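Coordinate inspection notes
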Amino acid sequence: MDRYNFKTAEAKWQNIWAEHGSFEADEDPERPKYYVLEMFPYPSGRIHMGHVRCYTIGDVVARYKRACGFNVLHPMGWDAFGLPAENAAFENKVHPAKWTRENIAAMRDQLKSMGLSYDWRRELATCEPEYFRHEQKMFLDFLKAGLAYKRESWVNWDPVEQTVLANEQVIDGCGWRSGAPVERRLLAQWFLKITKYADDLLETLAELDRWPDQVRLMQANWINRSEGATVGFSLAGRTDSLDVFTTRPDTLFGASFCAIAANHPLALELAESDPELATFIERCSRMGTSEAAIEAAEKEGYLTALRACHPFSKNWELPVYVANFVLMEYGTGAIFGCPAHDQRDLDFARKYGLDVVPVVAPNDGSGAEIGSEAFTGDGEIINSEFMTGLDVEAAKRRAIDELERLNSGQSKITYRLRDWGVSRQRYWGCPVPVIHCESCGNVPVPEPELPVTLPDDVDFEQSGNPLDHHPTWKHVPCPVCNKPAERETDTFDTFFESSWYFVQFGSTEQERIFSRAEADYWMPVDQYIGGIEHAILHLLYSRFFTRALTDCGYLDVKEPFAGLLTQGMVCHETYRDASEEMGGWLFPEQVTRDSDNKLVQVGNGRPVVAGRSEKMSKSRKNVVDPELIIATYGADTARLFMLSDSPAARDLEWTDAGIEGAWRYTNRIWRMIAKPEFHLSPVTGDAPETFDDASEEVLRKIHRTIADVTADFDAFRFNRAVARIRELTNTLANLDGDSADRAWTRRFGFETTAQLIAPVMPHIAEELWSLLGHKSLLSDTAWPSADETYLSEDTVTLAVQVNGKLRGTIDLPVDVDKQIAEERALALENVARATGGIAPRKVIVVPNKVINVVL
RNA sequence: GCCCCUGUGGCGGAACUGGUAGACGCGCUGGAUUCAAAAUCCAGUUCCCGUAAGGGAGUGCGAGUUCGAUUCUCGCUGGGGGCACCA
């Protein structure tokens, strides 16, 4: 028998599917639709294993749902704007557009070799004007709707390169290329009003019942609605006051200081006449703009000359600090500190020798004294005049009432969620379609002039924004008054493009924006698949965009993704040269085993140390190239391995042994099913009248497997589905004999195997299907259904425990009387020995599961 | 620092809603086949004691709830993701 030739078979079926337009989907009101989408890739140049995993999962879902009768939309595109293209331009002198388009072409070929069931007619690339012209129009509509506005905001500024840095370009507070300490700088930037929908985005999470709980929780924490109060502290000797936001107005009598952000207007004002403060503020600004850097830094404060008067006692003055942990972006950029009941305030108070006054006494009577830990629980208010004796909730209300009466504060709801800053001072992005005119202000580019495209002749040698220093591009007449004006030189954040691409896939012609009818038919995405790293930002921005587009009349849908699956990362062991101290990283293909089974380098035999398994990354060199794997084992084997071992949501460990195991299985089903004697046998005829016991048992297994695999695919338990199919293969391999009943059963088993494995290994499944005599495509064949009569069992094995320890098992009829089960269990020799003749105190019988004898 | 997730044999993992821990695969051991090897097929494989029957331990660590905990609660610890300009 011929060995399975995956090279010819995979190419053959890919061509046949393409010729048949097998995966092209169009609106069809008669059929239920199913939209499955994987997060589109950034065109970095080559696909990596993370892509292979994500797109395999998506393809299994798409092919399975298609077999189940759904009109499946399964598109693919390119998230084509972004920083790496500009870095490539800087390093390799390639134009970002050329680099990006070549990468797309290469990656498209790689994806096609995987046999993915995409409707390629719908392919889009976000860097093409046909795509981004639509989002420029959307932005203008957002402007009209009051959903976009401009204000000043802080950026990381590299003083040497004279350019804005992304957070990933800031390493330990310094610019990645210049090494110069980064500064914070204010810049006028465009924002989208995501906070308008804060409550809706938060509340609707409850309805997203096909999203992982952890993602919904992360989003809820990100939005973080908090109810509290603004409290006005008048400032001694000044006419203005300091507004702070707090969620704990009940602890106001425990206040011992106020603190303001380093970039708070008051801090900046004081710094003008206080050089030491100016130095402190400058040091804070070196921490960059990332919250992680700010929060992880040691808490420090600078004591100012300001004194804040307590709202409930005018003679009580609190010191005012400028502190590096207070964020200008949250609340009012100022806090009051109650060290007894907030851990961060306590740490700060201990460091600067401030009072710690407990005002909440724990209900458990453990005393109100504060040691090294703040008490944040509920309790009885003490030391608090009119609030003393109340519980925390009542005291919060009482404090707010009092603040309102004194006209020095009111209840307030704030969100951690901030408006989305979409301005980027970069070239390779979608231009913001606005013109600045000295007399008319920010003027939208008139719609007939869209799209605003990027100039091709740009210089990446010069630092700063290439659009800004282009000689002619930005100089245009004002559309209103015709006087000389300047284009906006910012481009959009690339999250802008990825916040609506899933709707545009509804259109089959990329130069035409999706129609309302297309969006109404296809949206929402029924199943979205991608990495957990996008759990917050991309998904939240997309949810916002969908609402904004609905408000602007583009759509009538609130939530873009009805179902979400977040897949884990692909990991691999790391290797280093052991012959030198901290030797360099080695690629897996540079490492082999010598005769003593020790790890050595290929070629020179030098020793190698294996490190722990980590996410595949170029920097660690622990990468395996999908193209090489597909060339060696074929797409089906690669796809099988991607799904075999790990649940989709967990990390996957790539091993040579694992891919070899998948390869063996590919050959195993081929050897089993593709025997010449089956090639010519007729397509399954009527079933024989009777089956012998062995056939009957195999039939049960086949139907059981259909039911289990169907349930597993429905729940995205691909690894279990694969295990069930392998079990079926083992069972079928043991069924021999040529009698009519056995031959029929075996053939039925083979056909079922081909059908069940088809979503995972579509090429070999199609090949086997045709070898079994079918003239139609397996990809056009309906999913098999299990015959209920084969699924029910008449006996069941129960576990018998004594005091919770397993002492034996008994086979009993299903749903047997509890009394009989108990008697049979107690009669077991092993149970009698374990009880030692002592009469059981009670016997717990869980029907069809377990009998527990309790002594 | 804050938020979220995760830890089961030599390895990847399974165990549905608290009910026989280790399905399936890898690896390993023994056997068959072969001139030999590869490939393939068969059997075994959590650890400890025992020829066996059987017994003991066991799901990161420590407690708790329960007749019964991988599953629920609390604390600790290792690993990972996110933290708003990487995508």
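The notes below deal with the structure included here. Along each chain, the written sequence defines residue order, and numbers are assigned to residues from 1. All chains are assigned letters beginning with A, and all ligands numbers beginning with 1, in the order in which they are written. In keeping with the predicted nature of the model, local features appear solely for residues at pLDDT of at least 70, side-chain atom pairs appear and are counted solely at 80 or more, and the whole-chain, interface and lining totals rest on all residues. Heavy atoms from the whole structure form the basis of all side-chain values; hydrogens and water molecules are not counted.

1. A word on the pairing of strand 10 (residues 225–235)
- Accessibility here uses a 1.4 Å probe with only protein chains present; expressed as a share of the type maximum, an area under 20% marks a residue as buried, one over 50% as exposed, and anything in between as partly exposed. In this text, helices come from DSSP runs of H or I with a minimum length of four residues, and strands from runs of E with a minimum of two, each type numbered from the N-terminal end. Within strand 10, eight of the 11 residues are buried, leaving the element largely enclosed by the surrounding structure.
- Here, any two strands with at least 2 DSSP bridges between them count as paired. Here seven bridges tie strand 10 to strand 18 (residues 409–415), and the two strands are oriented antiparallel to one another. Across the sheet, residue Arg225 finds its bridge partner in strand 18, namely Tyr415.
- Relative to strand 11 (residues 241–246), strand 10 runs antiparallel, the two being bridged by six bridges.

2. With respect to the protein's contact with RNA strand B
- Here a residue is considered near a molecule or strand provided that any single heavy atom belonging to it is located within 4 Å of it. Lining the immediate environment of RNA strand B, one finds 70 residues, of which Asp79, Asn167, Arg426, Arg664 and Arg720 sit closest.
- Counting only atoms of RNA strand B within 4 Å of the protein, the fraction found in sugar and phosphate groups is 65%.
- Tallying contributions element by element places helix 21 (residues 718–733) first for the surface near RNA strand B, with seven residues.
- Per-class residue counts for the surface near RNA strand B are 26 nonpolar, 21 polar and 23 charged. Throughout, the ten residues Ala, Val, Leu, Ile, Met, Phe, Trp, Tyr, Cys and Pro are labelled nonpolar, Asp, Glu, Lys and Arg are labelled charged, and all others, Gly among them, are labelled polar.

3. Topic: the packing of aromatic side chains
- To pair, rings of Phe, Tyr and Trp, with the six-membered ring standing in for Trp, must have centres within 6.5 Å; the planes then decide the type, stacked if under 30 degrees apart, edge-to-face if over 60, and tilted in the middle. Applying the stated criterion to the full structure yields 53 aromatic pairs.
- When the ring of Tyr64 is compared with that of Trp783, the centres are 4.9 Å apart and the planes differ by 85°; the resulting orientation is edge-to-face. Of this pair, Tyr64 sits in helix 2 (residues 49–67) while Trp783 sits in the loop between helix 23 (762–771) and strand 34 (795–802), and the two are 719 residues apart along the sequence.
- Residue Tyr64 is classed as buried on the basis of its relative accessible area, which comes to 2%.
- By relative accessible area, Trp783 is classed as buried at 13%.
- Seen in terms of ring centroids, Phe713 and Trp783 are 5.8 Å apart; in terms of plane orientation they differ by 55°. Their pairing is tilted. With Phe713 in helix 20 (residues 693–714) and Trp783 in the loop between helix 23 and strand 34, the pair connects residues that are 70 residues apart, well separated along the chain.

4. A word on the sheet that holds strand 19 (residues 420–421)
- Taking strand neighbours across the sheet as the criterion, the four strands line up as 6-5-9-19 in an open arrangement whose pairing is antiparallel. The strands lining the two open edges of the sheet, one partner per strand, are strand 6 (163–165) and strand 19.
- Taken together, the two bridges between strand 9 (residues 183–192) and strand 19 define a ladder with antiparallel strand orientation. Paired with Leu192 across the bridge in strand 19 is Trp420.

5. What to know about the sheet that holds strand 2 (residues 71–73)
- Read across the open sheet, the four strands follow the order 2-1-26-27; overall the sheet is parallel. The open sheet is flanked by strand 2 and strand 27 (564–567), the only strands paired with a single partner. Put simply, the sheet's adjacent strands are angled 15° from each other on average, direction ignored.
- In terms of strand pairing, strand 26 (residues 527–531) meets strand 27 through four bridges, oriented parallel. Bridging across to strand 27, Gly531 finds its partner in Gln567.
- With respect to the sheet, helix 2 is in contact with strand 1 (33–38), strand 2, strand 26 and strand 27, its orientation differing from that of strand 1 by roughly 175°. Between N-to-C directions, angles cover 0 to 180 degrees, with each direction set by a line fitted to C-alpha atoms, over the stretch in contact for helices. In this analysis, two residues are considered to be in contact whenever any of their non-hydrogen atoms come within 4.5 Å of each other.

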